[in-house]
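One letter stands for each residue in the lines below.
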Amino acid sequence: MAATPTGRQPDDPQAQGAAAAGSALRGLLTGRPAYRNRWLAHVRRKRGDGISYSAVSQVVALHVWDSGLRPDTDRDLPRRLRDRVRQALLGEQLTHETVTWLTDSFEFSAEDTALVWEAFSGRSELDLDGSGITSTLRHPPVPLVQPQRHRTTALFSRYHLGADRMLRRTEHSHVLLALEDGVDSYAYSPRDTVTGVESVVGGTFTGFRPSSPGFVGLRFGLDRRLRRGQHASLHYTTVHRPTPGPCVQLRRAARKRIDNVDLRILFDRAVPRRAWWCAWDDYDAGELVRDVPLDVGADGAMHQFLPYLEEAVVGFRWEW
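Figured I'd write up the structure that's included with this text.

Reading the values: the criteria
- Residues numbered from 1 in each chain as written.
- Predicted model: local features only at pLDDT ≥ 70, side-chain atom pairs only at ≥ 80, totals over all residues.
- Heavy atoms only, no water.
- Axes fitted to C-alpha atoms, helices over the stretch in contact; angles between N-to-C directions.
- Helix = DSSP H or I, 4+ residues; strand = E, 2+ residues; numbered from the N terminus.
- Parallel < 35°, antiparallel > 145°, perpendicular 65-115°, else oblique.
- Contact = heavy atoms within 4.5 Å.
- Phe/Tyr/Trp six-rings, centres within 6.5 Å; stacked < 30°, edge-to-face > 60°.
- Buried < 20%, exposed > 50% of the residue type's maximum accessible area, 1.4 Å probe, protein only.
- Lys NZ or Arg CZ within 6 Å of the ring centre and 35° of its normal.
- Salt bridge = Lys/Arg side-chain N within 4 Å of Asp/Glu carboxyl O.
- Pairing = 2+ DSSP bridges.

### Considerations on the packing of helix H3 (residues 53–66) against helix H5 (residues 96–105)
Think of two packed helices as two axes; the pair is described by the angle between the axes and how far apart they sit.
Point 1. It is the contact of H3 with H5, at a shortest axis distance of 9 Å, that shows an interaxial angle of 90°. Comparing the axis directions of H3 and H5 gives the class roughly perpendicular. Listed contacts from H5 to Val56, Val59, Val60, His63 and Val64 of H3 are Trp101, Leu102, Asp104 and Ser105.

### Structural notes on the packing of aromatic side chains
Point 1. A full pass over the atoms with the stated rule returns 15 aromatic pairs.
Point 2. Ring centres of Phe120 and Phe156 lie 5.9 Å apart, and the angle between their planes is 80°; on these two criteria the pair is classed as edge-to-face. Within this pair, whereas Phe120 is found in helix H6 (residues 110–121), its partner Phe156 is found in strand S2 (residues 150–161), the two being separated by 36 residues in sequence.
Point 3. Judged by relative accessible area, which is 11%, Phe120 ranks as buried.
Point 4. Relative accessible area serves as the criterion here: at 6%, Phe156 is assigned to the buried category.
Point 5. Three or more aromatic residues link up through ring pairs in this structure, and these residues are Tyr186, Tyr188, Phe205, Phe208, Phe220 and Tyr236.
Point 6. Over the ring of Trp276 we find Arg317, and its NZ or CZ is 4.1 Å from the ring centre.

### A short note on the pattern of salt bridges
Any two side chains of opposite charge can pair, given that their charged atoms come close.
Point 1. According to the stated counting rule, one finds 22 salt bridges in the structure shown.
Point 2. Asp76 serves as the salt-bridge partner of Arg79, at 2.6 Å between the closest nitrogen and oxygen.
Point 3. A salt bridge links Glu319 to Arg273, with the nearest nitrogen and oxygen atoms 3.5 Å apart. With Glu319 in strand S14 (residues 312–319) and Arg273 in the loop between strand S10 (258–267) and strand S11 (274–280), this pair connects stretches of sequence that are 46 residues apart.
Point 4. With a relative accessible area of 26%, Glu319 lands in the partly exposed category.
Point 5. The exposed category is assigned to Arg273, whose relative accessible area is 58%.

### A short note on the sheet that holds strand S9 (residues 249–254)
Point 1. Ordered in space as S9-S14-S11-S12, the four strands form an open sheet in which the pairing is antiparallel. The sheet terminates laterally at S9 and strand S12 (288–294), the two strands that pair on one side only. Here the strands of the sheet are splayed against their neighbours by 15° on average, with no regard to which way each runs.
Point 2. Alignment of S11 against S14, held across seven bridges, turns out to be antiparallel. Bridging across to S14, Trp276 finds its partner in Arg317.

### Details of the pairing of strand S8 (residues 231–240)
Looking along a regular strand, one sees side chains alternate from face to face of the sheet.
Point 1. Most of S8 sits out of view: seven of its 10 residues are buried.
Point 2. Where strand S3 (residues 167–178) meets S8, nine bridges bridge the pair, whose relative direction is antiparallel. When the bridges of S8 are listed, Ser173 appears paired with His235.
Point 3. Sheet analysis places strand S5 (residues 194–201) next to S8, joined by five bridges and oriented antiparallel.

Purely geometric stuff here, so don't read any function into it on its own.
In structure tokens, the structure reads:
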């Protein structure tokens with residue numbers, strides 16, 4: 001079987017997501033007049049009806065300069081971005097940062113932004129009719145480790161369970177939008193099974209913080225201080241200790257709105273007999289608000305994508 005241009009096989013979900021998102025981006029940039037006119041203004045020599053990677057790169061560069069993501073003295077930035085933009089729009093290679101830069105540079109609508117992120121993440125196992133989940137919480141959530149001065153515009157979480165049916169590690173990728181000047185850190189409270197943090201990209205793990213019983217606070221310093229309206233990406237892996245019994249559920253809570261939420265559970269050899277996609281009214285215990293049967297993939301995976309999540313708790317539960 002021939003490899004894709006990125007070296008991944010065509011049936012790799014990551015490669016499929018890049019291809020689908022690239023197609024969606026290309027269609028929107030050529031099909032929506034507001035987006036098309038923005039890059040057409042930077043076309044120097046029109047060649048056929050195809051999209052101009054150089055013109056799109058110029059629009060992205062202007063946004064990156066204006067946002068302070070790169071210094072405006074970096075005049076070579078549009079040229080360097082051209083290959084990155086070309087690979088993204090051809091679906092050959094795409095990152096969370098590139099998706100964010102493109103959707104922000106052209107001021108995509110909320111609906112178009114969600115469409116691209118869903119394509120990038122891979123569609124959910126269930127048809128959620130494009131709707132998010134809000135207001136399931138009936139009890140106060142875990143207190144914040146620090147005041148929240150950002151909004152999460154994309155969240156990708158991967159939970160890895162070992163052959164012993166225990167949660168071994170989680171991988172999280174966030175795209176953060178500063179709501180005020182001076183945002184330089186991110187913090188949250190996962191369950192206290194976390195014993196360490198590894199593979200931090202986009203920041204530095206600065207240590208554990210006090211939290212509620214059964215939870216532990218994690219704090220990260222970002223690579224740079226953000227002004228209002230600027231974005232940052234943060235990727236890290238948490239390592240977990242074994243629990244007394246096998247893991248039978250995983251939950252994700254959102255106090256304030258999180259856009260483009262992608263949750264995936266990967267099982268190593270031991271695969272559940274039955275599984276459900278759920279919403280609860282509490283992060284720790286509480287009652288089920290929604291309970292929908294899920295098919296566990298042949299590769300031992302469960303997946304859901306939500307356009308948004310706010311004041312709610314969602315996740316998976318299963319039986320071995």
